[in-house]
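# Residue-level structural notes
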There are 2 protein chains.
Amino acid sequence: MKRVMLEIAYDGTNYCGWQIQPNGITVEEIINKTLTELLKEPIFVIGASRTDSGVHALGNVAVFDTNTKIPGEKISFALNQRLPKDIVIQKSREVPLDFHPRYCNSRKTYEYRILNSRFPIPTERLYSYFIYYPLDTDAMKKAAEYLVGEHDFKSFCSNRTQVVDTIRRVYDINIERNKDMIDITISGNGFLYNMVRIIVGTLVKVGLGVYPPEHVHEILEKKDRMAAGPKAPAQGLMLKCIEYPDLVDENK
Amino acid sequence: MKRVMLEIAYDGTNYCGWQIQPNGITVEEIINKTLTELLKEPIFVIGASRTDSGVHALGNVAVFDTNTKIPGEKISFALNQRLPKDIVIQKSREVPLDFHPRYCNSRKTYEYRILNSRFPIPTERLYSYFIYYPLDTDAMKKAAEYLVGEHDFKSFCSNRTQVVDTIRRVYDINIERNKDMIDITISGNGFLYNMVRIIVGTLVKVGLGVYPPEHVHEILEKKDRMAAGPKAPAQGLMLKCIEYPDLVDENK
């Protein structure tokens, strides 16, 4: 028996998110089904991040246990032959049997793309959030500074969550404009439900001049979802990578 | 009666190209149908470039004649309310009644995107050509120099064409790598059938080291389609813009 870790990229457009659910096809379901066929034993993966419907990933992480003789690092190749084209395993490798992708020290990095131009670009419509009114990225950068560090992010969490501890550490928020595309990269030790999308929705309000950058500090202090901006749409969001500093990678 | 010019962006993924044909939905067909409904008179556009199935556009051009009282520059807005999200009119304006988008001095610019990385990225699969083996972009740049200028591009033209004169002028080929993405931008006064995709397929062969950059000069001289490389796949190609230097734009 061994535990294998997968780094998974997917286009979330055609999936009802990561987690198995009764009302639509999910990435987890496709991976379980494909692994079960490939390895000829029932496989149930444990995912690191339950991305929402329409959200994309470049490096989501999942683990599973198997009795196969196929070496861990070869499973990605075999799996990619069978997966649909909108799901690609970037890497597979064996990890310790007690490694759990959620209950482990980790650094997650998300990217959110905003197309800020006079017209939407059809080829970007499924991978960015189109905003017509010019955004002041300098104001957005100032506002983002209030969010970096360890804070209670209760205001930036959808009320549907059952989580009790709403304190998280944001390591870095980087905002860059390249012509009409604004890339917001956020990394942290963990994120509450919808936290990245609510942060982006709030930064957009600052960028539009609805409120000044300093107001973001007040939003944090209110610890109330109603104080923050709206949740930005799913299609602009991509889970870029999850790093596990305590997990040794011998193949690296 | 007036003639109106449209600048049209589209995601070519779900269309059988630009030109109306019996076996599938095309961009031209959707635009004719939507304009006919909007203006309440039968409209038939004349397109500048008949892009192939799966090819994208940021600025294809089409004109049509109408008796509507709606000002030319307002038609884009009204049309965008009715078009599907994968087609967007970037601009509309009145042009002289004798302006024809194909029989006119013009400069067309295409962009071709190659994802040159160890793994395909699912969100890029419909908008780039994935190549695993590392491409030597310096060699590709050298090869491209042989193609710039006025040449007989018969070797770079699919045999299905009925065109007799195969001489065209390529103004510029620019090749840039940004991390794993290689952007090839080609502009010229006109392009033969599949010419950009055959140029890219040939440059890829140079990039892979199959033949040296100088060989592209021999391919040109042979005036034989069999001498050039294969046609690169459609989804990497985007018609960026078509400029008409002799057409005055009063709104600019």
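Rules behind the numbers
Residue positions are given per chain, counted from 1 along the sequence in the order it is written. Throughout, the order in which chains and ligands are written sets their labels, letters from A for the former and numbers from 1 for the latter. Given that the model is predicted, a residue must reach a pLDDT of at least 70 before its local features are reported, and side-chain atom pairs must reach 80 or more before they are shown or counted; all residues, however, enter totals for whole chains, interfaces and linings. Think of the side-chain values as coming from all heavy atoms in the structure, minus any hydrogens and water. UniProt positions are given in the numbering used here, feature names are shortened, and annotations may be inferred rather than shown by experiment. The helix count covers DSSP runs of H or I at least four residues long, the strand count covers runs of E at least two residues long, and both are numbered beginning at the N terminus. For the radius of gyration, the atom set is restricted to C-alpha positions; the globular benchmark scales as 2.2 Å times the number of residues to the power 0.38. Burial classes: relative accessible area under 20% of the type maximum marks a residue as buried, over 50% as exposed, and values in between as partly exposed (1.4 Å probe, protein chains only). Only heavy atoms matter for contacts: two residues are in contact if any of them lie within 4.5 Å across the pair. In this description, accessible areas are obtained by the Shrake-Rupley approach with a 1.4 Å probe, and a residue is regarded as covered only by the protein chains that are shown. Counted charges follow a simple rule, with Lys and Arg positive, Asp and Glu negative, and His plus the chain ends left uncounted. Taken as the charge location is NZ of Lys, CZ of Arg, CG of Asp or CD of Glu. Alignment of copies: least-squares fit on C-alpha atoms of residues with pLDDT of at least 70 in both copies. The axes are straight lines fitted to the C-alpha atoms, using for helices just the contacting stretch, and the angles between their N-to-C directions are given from 0 to 180°. Any angle between 65 and 115 degrees counts as roughly perpendicular, while under 35 counts as roughly parallel, over 145 as roughly antiparallel, and the rest as oblique. By the definition used in this description, the sense in which the near helix is turned from the far one sets the handedness, with an anticlockwise turn below a right angle giving left-handed and a clockwise turn giving right-handed. When residues are grouped by polarity, Ala, Val, Leu, Ile, Met, Phe, Trp, Tyr, Cys and Pro land in nonpolar, Asp, Glu, Lys and Arg in charged, and all others, Gly among them, in polar. Each reported salt bridge corresponds to a side-chain nitrogen of Lys or Arg within 4 Å of a carboxyl oxygen of Asp or Glu. Polar contact is the term for a pair of N or O atoms within 3.5 Å; when the atoms are in protein, one must be able to donate a hydrogen and the other to accept it, and sequence-neighboring residues count only if both atoms are side-chain atoms. This arc is built from the directions going out from the helix axis to the C-beta atoms. Where each domain starts and ends follows an automatic or database-derived domain assignment. Take the accessible area each of two parts loses on contact, using a 1.4 Å probe, and add the two losses: that sum is the buried area.

Per an unreviewed UniProt entry, chain A goes by tRNA pseudouridine synthase A and derives from Anaerocolumna aminovalerica. UniProt's Subunit (unreviewed entry) comment on chain A is quoted here verbatim: "Homodimer." In the Catalytic activity (unreviewed entry) part of its UniProt record, chain A is described as follows: "uridine(38/39/40) in tRNA = pseudouridine(38/39/40) in tRNA".

With that out of the way, let us pick up the overall build of chain A. When its secondary structure is counted, chain A shows five helices and 10 strands. For 252 residues, the compact-globule estimate of 2.2 N^0.38 gives 18 Å, and chain A sits close to it at 19 Å. Viewed in the frame of its principal axes, chain A has a C-alpha envelope of about 60 × 40 × 35 Å. Taking all 252 residues of chain A together, the buried fraction comes to 54%. Residue pairs in contact within chain A that sit at least 24 positions apart in sequence constitute 72% of those at least 6 positions apart. When the accessible surface of chain A is totalled, it reaches about 12300 Å², and 49% of it is carbon and sulfur. Each charge sign in chain A was given a centre, from 33 positive and 32 negative side chains, and these centres are 4 Å apart.

Another aspect to go through is the UniProt feature "domain: Pseudouridine synthase I TruA alpha/beta" (unreviewed entry) in chain A. Those places that UniProt annotates as "domain: Pseudouridine synthase I TruA alpha/beta" (unreviewed entry) correspond, in this numbering, to residues 9-103 and 143-245 of chain A. Across residues 9-103 of chain A, helical content stands at 22% and strand content at 25%; the span's end C-alpha atoms are separated by 21 Å.

Here the focus is the relation of the copies chain B and chain A. Once turned by 180° and shifted 0.0 Å along the axis, chain B lies on chain A with an RMSD of 0.0 Å. A rotation of that kind, with that shift, is consistent with a two-fold axis. Looking at chain B, 100% of its interface residues are interface residues in chain A too, so the copies touch through the same face.

Let us now look at the packing of helix H3 (residues 137-145) of chain B against helix H4 (residues 195-207) of chain B. Residues and elements named next belong to chain B. With their axes 8 Å apart at the nearest point, H3 and H4 run at an angle of 135° to one another. Relative to H4, the element H3 is oriented oblique. In this structure, H3 meets H4 at a crossing whose hand is right-handed. Contact residues: Ala139, Met140, Ala143 and Ala144 in H3; Leu203, Val204, Val206 and Gly207 in H4. Grouping the amino acids of the contact of H3 with H4 by side-chain chemistry returns seven nonpolar, one polar and no charged.

A word on the pattern of salt bridges. Evaluated as defined, the whole model comprises 12 salt bridges over all chains. Between arginine 113 of chain B and aspartate 183 of chain B there is a salt bridge, with its nearest N and O atoms 3.9 Å apart. With arginine 113 of chain B in strand S5 (residues 107-116) and aspartate 183 of chain B in strand S9 (residues 181-188), this pair connects stretches of sequence that are 70 residues apart. By relative accessible area, aspartate 183 of chain B is classed as partly exposed at 23%. One salt-bridge network, in which partners are shared between bridges, spans Arg113, Glu124 and Asp183 of chain A.

Residues and elements named next belong to chain B. Among the structural elements, serine 158 can be located in the loop between strand S7 (149-152) and strand S8 (167-178). In this structure serine 158 comes out as buried when scored by relative accessible area, which is 13%. Between the C-alpha atom of serine 158 and that of glycine 201, which follows or precedes it by 43 residues, the distance is 13 Å. What serine 158 contacts, discounting residues up to four positions off in sequence, is Tyr193, Asn194, Ile198 and Arg225. Reaching out from serine 158, the side chain makes a polar contact with the side chain of asparagine 194 at a distance of 2.6 Å.

Another point: the side chain of serine 155 of chain B. Tracing the backbone shows serine 155 of chain B in the loop between S7 and S8. Of the polar contacts made by the side chain of serine 155 of chain B, one reaches the backbone oxygen of isoleucine 219 of chain B; its length is 2.6 Å.

All names here are of chain B. Regarding helix H5 (residues 215-222), the residues found buried are His215, Val216, Ile219 and Leu220. Taken end-on, H5 shows its buried residues confined to a sector of 150°, consistent with a single buried face. In H5, the exposed positions that point more than 90 degrees away from the buried face belong to Glu221 and Lys222. Against H3, S7 and H4 lie the buried residues of H5.

Attention shifts here to the domain arrangement of chain A. Residues and elements named next belong to chain A. As assigned here, chain A comprises domain 1 (2-103) and domain 2 (107-240). Computed from C-alpha coordinates alone, the two centres of domain 1 and domain 2 are separated by 27 Å. For the domain 1 and domain 2 pair, buried surface summed over both sides reaches about 1000 Å², with 55% attributable to carbon and sulfur atoms. Summed over the shared surface of domain 1 and domain 2, the number is one salt bridge. Among the salt bridges present, the one from aspartate 52 reaches arginine 197, with a minimum N-O distance of 3.2 Å.

This brings us to the interface of chain B and chain A. Accessible area lost when the parts come together is the quantity often used to give the size of an interface. Listed as interface residues are 20 residues of chain B and, on the opposing side, 20 residues of chain A. Each partner contributes to the roughly 1600 Å² buried at the junction of chain B and chain A, and carbon and sulfur atoms together form 66% of this total. Looking at the side of chain B facing chain A, the largest losses of area belong to Phe119, Pro122 and Thr123 of chain B, adding up to 33% of the total buried there. Between the two partners, chain B and chain A, sit two salt bridges. Residue arginine 125 of chain A is joined to aspartate 11 of chain B by a salt bridge in which the shortest nitrogen-to-oxygen separation is 2.8 Å.

This part covers the UniProt feature "active site" (unreviewed entry) in chain A. Residues and elements named next belong to chain A. The UniProt record marks Asp52 with the feature "active site" (unreviewed entry), using the residue numbering of this structure. Within the secondary structure layout, aspartate 52 lies in the loop between strand S2 (46-47) and strand S3 (56-66). If we skip the residues at most four places from it in the chain, aspartate 52 touches Gly17, Tyr193, Asn194 and Arg197.

To continue, consider the environment of arginine 107 of chain B. All names here are of chain B. One can find arginine 107 in strand S5. Linking arginine 107 and valine 170, residues 63 residues apart in sequence, is a C-alpha distance of 9.4 Å. In this view, arginine 107 contacts Tyr171, Ser187, Gly188, Cys241, Ile242 and Glu243; residues no more than four positions away in its chain are not counted. A polar contact is formed between the side chain of arginine 107 and the side chain of serine 187, at a distance of 3.2 Å.

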